Amino acid sequence: DVCSSDLGKTVILPLTGREIPVISDDYVETAFGTGATPNVALVEQGISAYIREQTARGRESEMADAVKDGGFKSKALKKALANGDEVTLEAVDRACKYLAIATGSLINTFSPDMFVYGGGVIEAVGDIFLEKILAQVDRYCMPSIRPTVELKNAALGDDSVIYGALAMINDA
């Protein structure tokens, strides 16, 4: 926890050298932690864990079998969302909330021109994720920075890693 005596002071972000104010934020959930990287594997794990937890409590979900071993196929997620599976919708809402928090953290830290979401889950249901993230991300970003950052889904899907690696090789 940040001591109240630190509120209003400034700190230097080690990675960027940027000076930022120490603030208090009612949206912070200490159980979530202080920061995160929007990693698709972590998103998938969070969705799976939530669905397993809810089905263990007796709630039904068409994703129950798909998440037994931890992971799932993005096609199963897309189908469950299209069918209005309540538990899956809740799991995705939670995942998008935490993606919005992580995105806000990264935007505040690095102030990038663009933030791109990618991976199999995003490729399968990216528009749903992006809409939900956009609906929440502003509350986690500094108002002066957020309008300068474009958020979008990867146009190259899973192939973006390959193209990125090729670009790095060409630049070397």
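To keep things clear, this report deals only with the structure shown in the data block. The shown structure was predicted, so the numbers you read here are calculated from the model rather than taken from an experiment. (Residues numbered from 1 in each chain as written. Predicted model: local features only at pLDDT ≥ 70, side-chain atom pairs only at ≥ 80, totals over all residues. Heavy atoms only, no water.)

**Focus on helix α2 (residues 74–82)**
All of the buried residues in α2 are Leu77, Ala80 and Leu81. Summarising the axial view, the buried residues of α2 lie within an arc of 100°, below the 170-degree limit, and thus occupy one face. Projecting away from the buried face of α2 at angles above 90 degrees are the exposed residues Lys75, Lys79 and Ala82. Just past α2, the residue glycine 84 takes up positive phi, approximately 75°. (Buried < 20%, exposed > 50% of the residue type's maximum accessible area, 1.4 Å probe, protein only. Helix = DSSP H or I, 4+ residues; strand = E, 2+ residues; numbered from the N terminus. Arc of directions from axis to C-beta.)

**Quick look at the nonpolar core**
Within the largest apolar cluster, 35 residues are counted, with the highest numbers of intra-cluster contacts made by Ile47, Leu77, Phe129, Ile133 and Leu151. When contributions to this core are tallied by element, the ones reaching two or more residues are α1 (40–56), α2, α3 (86–110), β3 (114–117) and α4 (120–136). In this structure leucine 151 touches Thr103, Ile107, Phe115, Tyr117, Leu130, Ile133, Leu134, Val137 and Arg146, once residues within four positions along its chain are discounted. (Core = buried A, V, L, I, M, F, W, Y, C linked by side-chain atoms within 4.5 Å. Contact = heavy atoms within 4.5 Å.)

**Here's the deal with the packing of aromatic side chains**
Tallied over the full model, the rule gives 1 aromatic pair. When the centroid spacing of 5.2 Å and the interplanar angle of 50° are considered together, the rings of phenylalanine 115 and tyrosine 117 count as tilted. Like tyrosine 117, phenylalanine 115 is buried. (Phe/Tyr/Trp six-rings, centres within 6.5 Å; stacked < 30°, edge-to-face > 60°.)

**Describing the pairing of strand β4 (residues 150–153)**
Of the two faces of β4, the one lined by Leu151 and Asn153 is fully buried and the one lined by Glu150 and Lys152 carries no buried residue. In terms of strand pairing, β3 meets β4 through 4 bridges, oriented parallel. In the sheet register, phenylalanine 115 faces β4, and the bridge partner there is leucine 151. (Pairing = 2+ DSSP bridges.)

**Let's talk about unusual backbone geometry**
Positive phi values are uncommon outside glycine, yet serine 111 reaches one of about 45°. Mapped onto the elements, serine 111 comes out in the loop between α3 and β3. Residue classification places serine 111 among the partly exposed positions, given a relative accessible area of 26%.

**Regarding α3**
Here α3 is 25 residues long and its end C-alpha atoms lie 36 Å apart, about the 36 Å a rise of 1.5 Å per residue gives. For α3, the N-terminal capping position is held by aspartate 85, with its side-chain oxygen 3.3 Å away from the main-chain nitrogen of valine 87. Backbone geometry just downstream of α3 places serine 111 in the positive-phi region, at approximately 45°. (Expected span 1.5 Å × (residues − 1). Polar contact = N/O pair within 3.5 Å; in protein donor to acceptor, adjacent residues only side chain to side chain.)

These results come straight from atomic positions and should not be treated as a statement about function.
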